[in-house]
Amino acid sequence: MSFHEVRFPANLSFGSVGGPERRTEVVTLANGFEERNTPWQHSRRRYDAGIGMRSLDDVETLIAFFEARRGQLVGFRWKDWSDYKSSLPSKPPEYTDQIIAWGDGGTTEFPLIKIYRSGEETYARPIQKPVEGTVKLGLKGDPLSEGTHFTVDYTTGKVTFMTAPETGAEVTAGYEFDVPVRFDTDRIHTSVASFQAGDAPNVPVVEVRV
């Protein structure tokens with residue numbers, strides 16, 4: 001899959017609408033009960049990139065970005081302003097935000113994840129596009145230094161320790177992240193007259209599996 005490690009202009013994605021999508025197969029039985037299943041382990045996010053357009057200069061930037069990605073052909077990074085960091089929206093990321101693993105004395109590589117909680121239920125979302133320079137790690141409650149204690153692959157979301165965490169050691173992380181997406185259309189319709197009247201183009205964007 002072709003992918004460019006470049007972010008869609010964040011000032012244009014601000015104000016866009018979108019969020020997670022699930023796929024659930026529902027079968028209603030003869031007795032009225034239901035059977036519900038899903039073929040998806042993880043949700044998939046969709047957005048509308050056109051809503052953030054505020055001027056004709058914004059539209060020009062959008063078209064240039066669209067052409068450089070060859071429409072749907074090449075994926076790119078997207079900042080979801082409603083969900084882009086490991087911490088609460090009102091707080092900066094800290095190395096204690098997320099428990100991502102427990103050491104076993106041998107494993108040195110761990111994927112970043114974000115845990116969503118509701119009551120006793122949890123969902124672990126893979127974080128594959130962390131923002132460079134924002135990843136913080138902790139081990140047994142102590143902060144670590146990137147380059148000294150660990151390295152980060154910012155294209156896959158995997159962190160590698162120089163020395164394997166000992167068995168039972170809590171590995172924590174904090175970070176900002178982007179969503180890997182592509183355009184979900186091969187055409188963009190714009191009109192100078194309608195745009196000036198407040199009619200922004202419809203530009204669907206969909207998350208891709210990487």
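Everything below is about the structure printed above this text.
Predicted model only: the values in this text are computed from it and were never measured.

Undergrad: So what exactly am I meant to see when it comes to the nonpolar core here?
TA: Generally speaking, nonpolar side chains in soluble globular proteins are found buried as a group. Formed by 21 residues in total, the largest nonpolar core has its most connected members in Ile100, Leu112, Val135, Leu137, Val159 and Tyr175. Apart from residues lying up to four places away in sequence, Leu112 is in contact with Ile100, Arg125, Pro126, Ile127, Pro130, Val135, Gly157, Val159, Ala173 and Tyr175. Listed in part, the 16 residues of the second largest apolar core include Val59, Phe76, Val181 and Val203.

Undergrad: Would you mind showing me how to read the sheet that holds strand 17 (residues 204-207) here?
TA: What holds strands together in a sheet is hydrogen bonding between their backbones, with the strands either parallel or antiparallel. Taken together, six strands build an open sheet; the order of strands is 1-6-16-17-5-2 and the sheet is mixed. Edge strands, defined here as strands with exactly one partner in the open sheet, are strand 1 (3-7) and strand 2 (17-21). If you compare each strand with its neighbour and ignore which way they point, the axes differ by 30° on average. Here strand 2 runs beside strand 5 (residues 44-48); their pairing, made up of five bridges, is antiparallel. For Pro20, the partnering residue across the bridge sits in strand 5 and is Arg45.

Undergrad: Can you walk me through the pattern of salt bridges in this structure?
TA: Oppositely charged side chains may form a pair once their charged atoms are brought near each other. In this structure the tally under the stated criterion is twelve salt bridges. Between Glu5 and Arg77 there is a salt bridge; the shortest N-O distance is 2.9 Å. Within this pair, whereas Glu5 is found in strand 1, its partner Arg77 is found in strand 6 (residues 75-78), the two being separated by 72 residues in sequence. A relative accessible area of 41% places Glu5 in the partly exposed class. By relative accessible area, Arg77 is classed as buried at 8%.

Basis of the calculations
Residues numbered from 1 in each chain as written. Predicted model: local features only at pLDDT ≥ 70, side-chain atom pairs only at ≥ 80, totals over all residues. Heavy atoms only, no water. Core = buried A, V, L, I, M, F, W, Y, C linked by side-chain atoms within 4.5 Å. Buried < 20%, exposed > 50% of the residue type's maximum accessible area, 1.4 Å probe, protein only. Contact = heavy atoms within 4.5 Å. Pairing = 2+ DSSP bridges. Helix = DSSP H or I, 4+ residues; strand = E, 2+ residues; numbered from the N terminus. Axes fitted to C-alpha atoms, helices over the stretch in contact; angles between N-to-C directions. Salt bridge = Lys/Arg side-chain N within 4 Å of Asp/Glu carboxyl O.

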